[in-house]
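# Structural features, examined
Here is how the chains run, residue by residue.
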Amino acid sequence: MAKKWYVLHTYSGYENKVKANLEHRIESMNLEDSVFDIQIPTEAVTEIKEGGRRVTSDKKVFPGYVLVRMELNDRSWGAVRNTPGVTGFVGAQGKPAPLSREEYEKIMKSTRAEAPKRMATDFAVNQSVKIVSGPLADFDGVISEVNPEGGKVKVLVSIFGRETPVELSFDQVARV
């Protein structure tokens, strides 16, 4: 029997608890030869808080899902399926469907250290902002574009009675 990756559906917010419960069950039921690895895909997300403060935290890529590498047999299936917090395997007609190598690599690519960091922001188009640093500090404007990947916003600033687009980083603007 081949070792394959399967996707478990869990109660949202219980992914870490499911992983701990599953690790405990594997050990207590002597399933180390059937269940090999458990992963919760996360990615580093940098959020810009009030005052331009940057906070980086890990966010789950797929909330409510856990990946398990296992040899699927009646014993391992039963132990995993009956773990507290697990609602079932992902697959058609209740049959667990293994991930292909490509699918697994694609999912895990965003969790690696070299993966580009994602920026999260609560800035939105048409939102009024005040520029807090740089040559246009103390000017007010309206956001016309948000670029979370680059950590930038395009702000329309009224200079000499004309709307002028200015590209600024998240930490150079604050909500009004």
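The sections below set out a description of the structure shown in this document. (Residues numbered from 1 in each chain as written. Predicted model: local features only at pLDDT ≥ 70, side-chain atom pairs only at ≥ 80, totals over all residues. Heavy atoms only, no water.)

Our focus in this paragraph is the environment of Thr 83. Within the secondary structure, Thr 83 is located in the loop between helix H2 (74–81) and strand S6 (86–89). Separated by ten residues in sequence, Thr 83 and Gln 93 have C-alpha atoms that sit 20 Å apart. Not counting chain neighbours up to four residues away, the residues in contact with Thr 83 comprise Val 18, Asn 21, Leu 22 and Arg 25. Looking at Thr 83, its side chain comes within polar contact range of the main-chain oxygen of Ala 79, at 2.8 Å. For Thr 83, the side chain forms a polar contact with the main-chain oxygen of Val 80, separated by 3.2 Å. (Helix = DSSP H or I, 4+ residues; strand = E, 2+ residues; numbered from the N terminus. Contact = heavy atoms within 4.5 Å. Polar contact = N/O pair within 3.5 Å; in protein donor to acceptor, adjacent residues only side chain to side chain.)

In the structure shown here, the tally under the stated rule is three salt bridges. Note that Arg 101 and Glu 105 form a salt bridge whose closest N and O atoms lie 3.2 Å from each other. With Arg 101 and Glu 105 both in helix H3 (residues 101–109), this residue pair falls four residues apart, about one helical turn. A relative accessible area of 52% places Arg 101 in the exposed class. Asp 140 serves as the salt-bridge partner of Lys 130, at 3.1 Å between the closest nitrogen and oxygen. (Salt bridge = Lys/Arg side-chain N within 4 Å of Asp/Glu carboxyl O. Buried < 20%, exposed > 50% of the residue type's maximum accessible area, 1.4 Å probe, protein only.)

Right, let's talk about the pairing of strand S11 (residues 162–169) for a bit. Pairing geometry for strand S10 (residues 152–159) and S11, over eight bridges, is antiparallel. Bridging across to S11, Lys 152 finds its partner in Ser 169. The turn linking S10 back onto S11 is made up of two residues, and Phe 160 within it adopts a positive phi angle of 55 degrees. (Pairing = 2+ DSSP bridges.)

Now for H2. Burial in H2 covers these residues: Ser 76, Gly 78, Ala 79 and Val 80. Against the buried residues of H2 lie strand S1 (4–10), helix H1 (15–28), strand S2 (35–39), strand S5 (65–70) and S6. N-cap assignment for H2: the residue whose side-chain oxygen lies 3.1 Å from the backbone N of Arg 75 is Asn 73.

Another point: H1. Given 3.6 residues per turn, any residue in an α-helix points the same way as the ones three and four places further on. For H1, which comprises 14 residues, the first-to-last C-alpha distance of 20 Å matches the rise-based estimate of 20 Å (1.5 Å per residue) to within 8%. The set of residues buried in H1 consists of Glu 15, Val 18, Leu 22 and Ile 26. The buried side chains of H1 occupy one side of the element, clustering within an arc of 70 degrees when seen end-on. Those residues of H1 that are exposed and aimed more than 90 degrees away from the buried face are Lys 17, His 24, Glu 27 and Ser 28. Buried-residue contacts for H1 involve S1, S2, strand S4 (54–60), S5, H2 and S6. Two residues or fewer after H1 comes Asn 30, characterised by a positive phi angle close to 55 degrees. (Expected span 1.5 Å × (residues − 1). Arc of directions from axis to C-beta.)

The subject of this paragraph is the sheet that holds S10. What links the strands of a sheet is backbone hydrogen bonding, and the strands pair in either a parallel or an antiparallel sense. Taken in spatial order, the five strands line up as S11-S10-S9-S8-S12 in an open sheet, and their pairing is antiparallel. What marks the edges here is a single partner per strand, and that holds for S11 and strand S12 (173–175). On average, each strand axis in the sheet is tilted by 45 degrees relative to the strand beside it, whichever way the strands run. (Axes fitted to C-alpha atoms, helices over the stretch in contact; angles between N-to-C directions.)

Let's shift gears to the sheet that holds S1. Pairing is antiparallel in the open sheet, where four strands are placed in the order S2-S5-S1-S6. Of all the strands in the sheet, the pair left with one neighbour each is S2 and S6. Each strand axis lies, on average, 30 degrees off the axis of its neighbour in the sheet, ignoring direction. As paired strands, S1 and S6 are joined by three bridges and run antiparallel to one another.

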